[in-house]
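Residue-level listing of the chains:
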Amino acid sequence: MRHLALALTVVVAASTASAHEHGSYDHVSSAEECSERNVHFGDGRTYVKKEIVDGSRLRSLKASVSNAPISVVGGSSSGYQITACKAAASLADLDAIRVTLDGNTLQSSGPANKNWTVLYHISAPRGAELDLSAQNGPLSIRDLEGNVVARAKNGPLSLSNVDGNVDASTTNGPISVSGGSGTVKVEATNGPLSVTLDGGSFRGSLDASTQNGPLSVKVPRGYASGVVVESRGRGPISCKAEDCDHGWRSDDDGEPRRIELGRGTANVHLSTVNGPVTIKNE
């Protein structure tokens, strides 16, 4: 079986069936380009074809991805805009690829030889309802307002400026949160957690934790929301933010394992079990 290499940014390879190929991502490219330069099956030629999948009437969208990235960005239209870039090692395989919507579930099918894949660019409307999962590939969501369930395994998950109700988790991969608002719950297992707070305060609540992974926190100076950072276990803590001098709290053994930052009600709770903590100002 040939090895597949993908190169893309705001692109998804989605299938509700088994994975087509194991992918690697060697450089950054435009999702709309749909170029054979960005997908490689061994040393042979790659054939590509762009297709538009009409999601304008959908009220919600589900996508499950294996061995490829999934990326979603908030758009200005009233519905979902889905651009599929089909890629295969031969013209016959390319013609056999089908991309469909089964209700609100985005899926693809193709030849049994698995020398094919599908890349998606998904633009989601305001108030989107998303249920996303990725295995062995990155999952990213940015500039979106809506309700999101996101699961990643063996790959990174990133949330950038996502506003709404968010339930996100990773296993064996890093997770990053930057900006955003709403009711946000984030969990990582066996992977690092990175949180970058911005603006004057956090509107809503943020509960983010990692187990067996490091925690990195960036807090703006003069932040008007209360931020609680906790470390369970014996991982080292480095705090270089403006509130570090007086924000330490001790555990039952007298060791400082909790830091309180910011001002006002504590609506941001960040924690790690068995991982180091780094805190600094943004």
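Remember, it's a predicted structure, so these values are computed and weren't measured experimentally.

Visitor: I would appreciate a short explanation of the overall build of the chain in the present structure.
Guide: The secondary structure content of the chain amounts to two helices and 23 strands. Per-residue burial over the chain gives 47% buried out of 282 residues. The contacts of the chain with a sequence gap of at least 6 include a subset with a gap of at least 24, amounting to 53%. Carbon and sulfur atoms form 45% of the exposed surface of the chain, whose accessible area is close to 12700 Å².

Visitor: Help me understand the pattern of salt bridges in this model?
Guide: Close approach of charged atoms allows side chains of opposite charge to pair. Tallied over the entire structure, the rule returns eleven salt bridges. With its nearest N and O atoms 3.5 Å apart, the salt bridge here joins lysine 185 to glutamate 187. On the basis of relative accessible area, lysine 185 is assigned to the partly exposed category, the value being 39%. Residue classification places glutamate 187 among the partly exposed positions, given a relative accessible area of 36%. The partner of glutamate 230 in a salt bridge is arginine 232, and the shortest N-O contact between them spans 3.8 Å.

Visitor: Even after reading the chapter, I still don't get the pairing of strand 4 (residues 61–66), so can you show me in this structure?
Guide: Within a regular strand, side chains alternate between the sheet's two faces. The alternating pattern of strand 4 places Leu61, Ala63 and Val65 on a buried face and Lys62, Ser64 and Ser66 on a face that is not buried. Looking at chain direction, strand 4 and strand 10 (residues 128–135) are connected through six bridges and run parallel. Bridge assignment links lysine 62 to a residue of strand 10, and that residue is aspartate 131. Judged from the two bridges that link them, strand 4 and strand 8 (residues 105–109) form a sheet pairing that is parallel. Bridge pairing in strand 8 links lysine 62 to threonine 105.

Visitor: Any chance you could explain the environment of isoleucine 175 here in plain terms?
Guide: Residue position: isoleucine 175 is located in strand 13 (residues 175–178). On the accessibility criterion, isoleucine 175 (2% relative accessible area) is buried. Between the alpha carbons of isoleucine 175 and serine 140 there is a distance of 9.6 Å; along the sequence they are 35 residues apart. Those residues in contact with isoleucine 175, other than ones at most four positions away along the chain, are Leu157, Ala168, Thr170, Val186, Glu187, Ala188, Pro192, Leu193 and Ser194.

Visitor: Whenever I open this one, the state of the cysteines confuses me. Can you help?
Guide: By definition, a disulfide links two cysteine residues through a covalent bond between their sulfur atoms. Using the criterion set out here, one finds two disulfides in the structure. Put simply, cysteine 34 and cysteine 85 are joined by a disulfide, and their sulfur atoms are 2.1 Å apart. The disulfide joining cysteine 34 to cysteine 85 has a torsion of about 90 degrees about its S-S bond and is therefore right-handed. Separated by 51 residues along the polypeptide, cysteine 34 in the loop between strand 1 (4–6) and strand 2 (39–41) and cysteine 85 in strand 6 (residues 80–88) bring together distant segments of the chain. One disulfide in the model links cysteine 239 with cysteine 244; its S-S distance is 1.7 Å. On the S-S bond that ties cysteine 239 to cysteine 244, the torsion sits near -75 degrees, and the link is left-handed.

Visitor: Teacher, can you tell me more about the nonpolar core here?
Guide: Most often, soluble globular proteins have nonpolar side chains that are buried together. Judged by nonpolar contacts, the single largest core of 61 residues is most densely connected at Leu130 and Leu270. Look past the residues within four positions of leucine 270 in its chain and what remains in contact with it is Val195, Leu206, Ala208, Leu215, Val217, Val227, Val228, Val229 and Glu230. Grouped together as the second largest cluster of nonpolar side chains are seven residues, Phe41, Ala87, Ala89 and Leu119 included.

Visitor: Explain unusual backbone geometry here, please?
Guide: The general pattern is negative phi for most residues beyond glycine and trans for most peptide bonds. Positive phi, normally seen in glycine, also occurs at lysine 114, with a value near 65 degrees. What makes lysine 114 partly exposed here is its relative accessible area of 29%. Residue asparagine 154 is not a glycine yet carries a positive backbone phi of 60 degrees.

Visitor: Help me out: how do you make sense of the pairing of strand 23 (residues 277–281) in this one?
Guide: The alternating pattern of strand 23 places Val277, Ile279 and Asn281 on a buried face, while none of Thr278 and Lys280, on the opposite face, is buried. Two strands pair when backbone bridges link them, and strand 17 (residues 215–219) and strand 23 are joined in this way by five bridges, in the parallel orientation. Paired with valine 217 across the two strands is isoleucine 279, which belongs to strand 23. Bridge count for strand 19 (residues 237–239) against strand 23 is three bridges, and the pairing is parallel. If you follow isoleucine 237 over to strand 23, its bridge partner there is valine 277.

Scoring rules and cut-offs
- Residues numbered from 1 in each chain as written.
- Predicted model: local features only at pLDDT ≥ 70, side-chain atom pairs only at ≥ 80, totals over all residues.
- Heavy atoms only, no water.
- Helix = DSSP H or I, 4+ residues; strand = E, 2+ residues; numbered from the N terminus.
- Buried < 20%, exposed > 50% of the residue type's maximum accessible area, 1.4 Å probe, protein only.
- Contact = heavy atoms within 4.5 Å.
- Areas by Shrake-Rupley, 256 points an atom, 1.4 Å probe, with all protein chains shown as cover.
- Salt bridge = Lys/Arg side-chain N within 4 Å of Asp/Glu carboxyl O.
- Pairing = 2+ DSSP bridges.
- Disulfide = S-S within 2.5 Å.
- Core = buried A, V, L, I, M, F, W, Y, C linked by side-chain atoms within 4.5 Å.

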